[in-house]
Amino acid sequence: MRVAIIASPYPLEEFPSPPLGISYVAAAFEAAGCEVRIFDYIISGYSKQNLAAQLAEFRPDAVGAGSVTMNFYDAQFILKDVKSIDPDIVTMMGGPHVSFTAEETLRTFPEIEVIFIGEADDTILEFAPHIRRKNKWRGIRGIACRLGDEIVNNGRRDFIADVDRLPLPARSLLPVSRYLALGYPVSMITGRGCPHGCIFCLGRKMVGAKVRRRNPSLVVDEIGQIMELGFDRINIADDLFASDTQRVKEICGLMRQRGLKLAWSAFARVDTVTQEMFDAMAQAGCDSISFGVESGSPEMLKRVRKGITLEQARQAIRMCKQAGMMPHASFMVGLPGETKETLRQTAEFAESLEILFGYHYLAPFPGTTVCEKVERYDLKILTRDWSKYDANDAIVRTSGVSPDDIRNFVAVYENEMNGHWQKVIDDYKTGKNTSYDDLRVEGHYRMNVTYAILKQDLIEKSGFIGAHELNGGPETAVKVLADRMKAEISGDPHIIENTIRDFVIRGYLKQEADKDGILWRWR
């Protein structure tokens, strides 16, 4: 069986890293004996024409798409295109959004045939041999599907107790050189499960209340695999990595023993960390920690069942600084019962920490307690347009604050941050910056240049250089390519040229030469 997995489009503003869930799904289908490819439209442009060409070349039996709520429509639209190109291809979708809207999704979007509910690794192993045998689908636990005019939901499968038996994510199937060029950290997880009951989070319902930790040696094996692909920065994305001091010390000790030197970051709860843990992490290369504090109001923290105190947040940040790492705090606005007073408390607390922090708007995703039991709370959800569930705008109101009140609160912070950033840019142009700030500005410009090259597929469109243009030898090929990028992208020509040259030096781009000329390709 051939299976294509779609990495659905995702905004640059959301800092897309190599998609972890897609990589796990690809690994599960490979373990089931399938030939697998990933069609990645996160860092390349999507068009029906490109999709049709990839389908014609690979000829998959099934195409699956992963999505979160905010890009569900993009994933659904691509599967609709799949069906219009070849109606015989089985279409599948997984991820948190469809896990909690399975029957609604199947009823509303006929282009989707199968939905994997929740943790899909074992479900895929059972389903893969029966991709073409729809008469077998009814008995496979962990899927919902359409059988004729009937919507069938077989219910969730039990969570996988032994996560060590799962294959490592199949990141090698991704367009690795493109992600290396983009430069964002690679996400990984060291376990599954969350015992905490935050009403705005899907964690407990999606991966279970019982924490299932991976063997430290396997965790470090995966870090080594990531480094072998050429990445030099990772982010440990599970909230409960930093919750067991001895296990964290063991992982960090193994990293040092194996000589794995790379920069990394992690998420952490403020109530599970210790100084000993942070010291070990810093010694192993961790340079920053992100804490989800959510609110500066003690009453709000209790209402959303966060299970932390403001003093614990202060103490965790002090320990993080003491270890020499950079702390970051995130706060959520528009929570149930939010008032102008609770917003004021959050702003005062965030500023009192004297660290980097940011605000996210509440997005009441399907499956969260706050979405499923909204009638219990002082909260009104204003839209079911899933494209608006990106945590970048107010889509709720409470009796105490309107969407505009919430937006105006965040705007004060954003205007201040934008003002600081504009000054850095102005000082860059006038030569008044520190070297560090100059690097920040150039990195920002380079990121935009890189993203334009990737999303517009400019290497594919402009990468052939005819022999008649190569009178100056190999160096001319680099210069011509850079000049073509300058013609396509708005921005500082110096940064555009340096970006292309750096891609060549680092090996992200390679040449294929023949008598007709040179073709530049991603490695």
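For the structure itself, look to the data block above.
Residues numbered from 1 in each chain as written. Predicted model: local features only at pLDDT ≥ 70, side-chain atom pairs only at ≥ 80, totals over all residues. Heavy atoms only, no water.

A. Molecular detail of the overall build of the chain. Within the chain, the secondary structure is distributed over 20 helices and 20 strands. A compact globule built from 523 residues should have a C-alpha radius of gyration of about 24 Å, and the chain, at 24 Å, falls within 12% of that. In terms of overall dimensions, the chain has a C-alpha envelope of 70 × 70 × 50 Å along the principal axes. Counting every position in the chain, which comprises 523 residues, the buried fraction comes to 54%. Within the chain, contacts between residues separated by at least 24 positions form 69% of all contacts whose residues are at least 6 apart in sequence. Counting only carbon and sulfur atoms, one obtains 50% of the accessible surface of the chain, whose full area is about 23,000 Å². (Helix = DSSP H or I, 4+ residues; strand = E, 2+ residues; numbered from the N terminus. Rg over C-alpha atoms; globule rule 2.2 N^0.38 Å. Buried < 20%, exposed > 50% of the residue type's maximum accessible area, 1.4 Å probe, protein only. Contact = heavy atoms within 4.5 Å. Areas by Shrake-Rupley, 256 points an atom, 1.4 Å probe, with all protein chains shown as cover.)

B. Examining the pattern of salt bridges more closely. Applying the stated rule across the entire model yields 41 salt bridges. In this structure, Arg-318 and Glu-311 form a salt bridge, with 2.9 Å as the shortest nitrogen-oxygen distance. By relative accessible area, which is 44% here, Arg-318 ends up partly exposed. Look at Glu-311 and you get partly exposed, because its relative accessible area is 42%. The salt bridge partner of Arg-344 is Glu-341, with a shortest N-O separation of 2.4 Å. Of this pair, Arg-344 and Glu-341 both sit in helix α14 (residues 340-352), three residues apart, which is roughly one turn of that helix. (Salt bridge = Lys/Arg side-chain N within 4 Å of Asp/Glu carboxyl O.)

C. Representation of the sheet that holds strand β19 (residues 509-514) in the model. The sheet built from three strands is open, its strands ordered β18-β20-β19 with antiparallel pairing. Edge positions in the sheet fall to β18 (464-466) and β19, since each of these pairs with one other strand and no more. Averaged over all neighbouring strand pairs, the angle between strand axes comes to 20°, with direction disregarded. Note that β19 and strand β20 (residues 517-522) share six bridges and pair antiparallel. By the bridge assignment for β20, Leu-509 is matched with Trp-522. (Pairing = 2+ DSSP bridges. Axes fitted to C-alpha atoms, helices over the stretch in contact; angles between N-to-C directions.)

D. Representation of helix α17 (residues 435-455) within the structure. A rise of 1.5 Å per residue sets the reference length of α17, with its 21 residues, at 30 Å; its end C-alpha atoms lie 30 Å apart and thus fit the reference within 8%. Listed as buried for α17 are Asp-437, Val-441, Met-447, Val-449, Thr-450, Tyr-451, Ala-452, Ile-453 and Leu-454. A positive phi of about 50° marks Asp-457, the residue just after α17. (Expected span 1.5 Å × (residues − 1).)

E. Focus on the pairing of strand β3 (residues 62-66). A large share of β3 lies buried, amounting to four of its five residues. As defined by bridge partners, strand β1 (residues 2-7) adjoins β3 across five bridges and the pair is classed as parallel. Looking at the pairing, Ala-7 lines up with Gly-66 of β3. As paired strands, β3 and strand β4 (residues 90-94) are joined by five bridges and run parallel to one another. Residue pairing in the sheet places Ala-65 in a bridge with Met-93 of β4. For the segment spanning β3, helix α3 (residues 72-85) and β4, crossover handedness is right-handed. (Right-handed = clockwise from strand over helix to strand, strands pointing away.)

F. Molecular detail of the side chain of His-130. The residue His-130 is located in the loop between α6 (121-127) and β6 (143-147) in this model. What His-130 contacts, discounting residues up to four positions off in sequence, is Lys-136, Trp-137 and Ile-140.

G. Structural detail: the sheet that holds strand β2 (residues 35-40). Read across the sheet, seven strands follow the order β2-β1-β3-β4-β5-β6-β7 without closing on themselves; strand pairing throughout is mixed. Bordering the open sheet on either side are β2 and β7 (150-153), each of which pairs with just one other strand. Taking the axes of each pair of neighbouring strands and ignoring which way they run, one obtains an average angle of 20° across the sheet. Lying on the sheet, helix α1 (residues 20-31) is in contact with β1, β2, β3, β4 and β5 (114-116); it crosses β1 at an angle near 175°. Along the sheet, α3 contacts β1, β3 and β4; its crossing angle with β4, the most-contacted strand, is approximately 170°.

H. Looking closely at the environment of Arg-213. Along the chain, the position of Arg-213 falls in strand β10 (residues 212-213). According to the relative accessible area criterion, Arg-213 is partly exposed, its value standing at 33%. In this structure Arg-213 touches Val-163, Asp-164, Thr-190, Gly-191, Leu-240, Ser-243, Asp-244 and Arg-247, once residues within four positions along its chain are discounted. Side-chain polar atoms of Arg-213 contact the side chain of Ser-243, separated by 2.7 Å. (Polar contact = N/O pair within 3.5 Å; in protein donor to acceptor, adjacent residues only side chain to side chain.)

I. Summary view of the environment of Met-70. Looking at the secondary structure, you find Met-70 in the loop between β3 and α3. We classify Met-70 as buried; its relative accessible area is 14%. As for Met-70 and Gly-463, which are separated by 393 residues in sequence, their C-alpha atoms are 33 Å apart. Ignoring sequence-local partners within four residues, the contact set of Met-70 consists of Tyr-10, Pro-11, Glu-14, Trp-386, Ser-387, Tyr-389 and Asp-390.

J. The packing of aromatic side chains, seen in detail. Tallying each qualifying case throughout the model produces 21 aromatic pairs. Look at Phe-29 and Phe-116: their rings are 6.4 Å apart centre to centre, the planes differ by 85°, and that puts the pair in the edge-to-face class. With a gap of 87 residues between them, Phe-29 in helix α1 and Phe-116 in strand β5 connect regions that are remote in the sequence. For the pair shown, Phe-29 and Phe-116 are each scored as buried. (Phe/Tyr/Trp six-rings, centres within 6.5 Å; stacked < 30°, edge-to-face > 60°.)

K. Spatial organisation of unusual backbone geometry. The phi torsion at Phe-15 lies on the positive side, around 55°, for a residue other than glycine. Mapped onto the elements, Phe-15 comes out in the loop between β1 and α1. Judged by relative accessible area, which is 56%, Phe-15 ranks as exposed. With a phi close to 50°, Asp-457 is a non-glycine residue in the positive phi region.

L. Molecular detail of the packing of helix α9 (residues 216-228) against helix α10 (residues 245-257). Taken N-terminus to C-terminus, the directions of α9 and α10 make an angle of 45°; their axes are 9 Å apart at the nearest point. In terms of orientation, α9 and α10 fall into the oblique class. Along this stretch, α9 crosses α10, giving a crossing that reads as right-handed. Contact with α9, carried on its side by Pro-216, Ser-217, Val-219, Val-220 and Ile-223, involves Arg-247, Glu-250, Ile-251, Leu-254 and Met-255 of α10 and no other residues of that element. Class assignment of the residues belonging to the contact of α9 with α10 gives a composition of seven nonpolar, one polar and two charged. (Parallel < 35°, antiparallel > 145°, perpendicular 65-115°, else oblique. Left-handed = near helix turned anticlockwise from the far one by under 90°. Nonpolar A, V, L, I, M, F, W, Y, C, P; charged D, E, K, R; others polar.)

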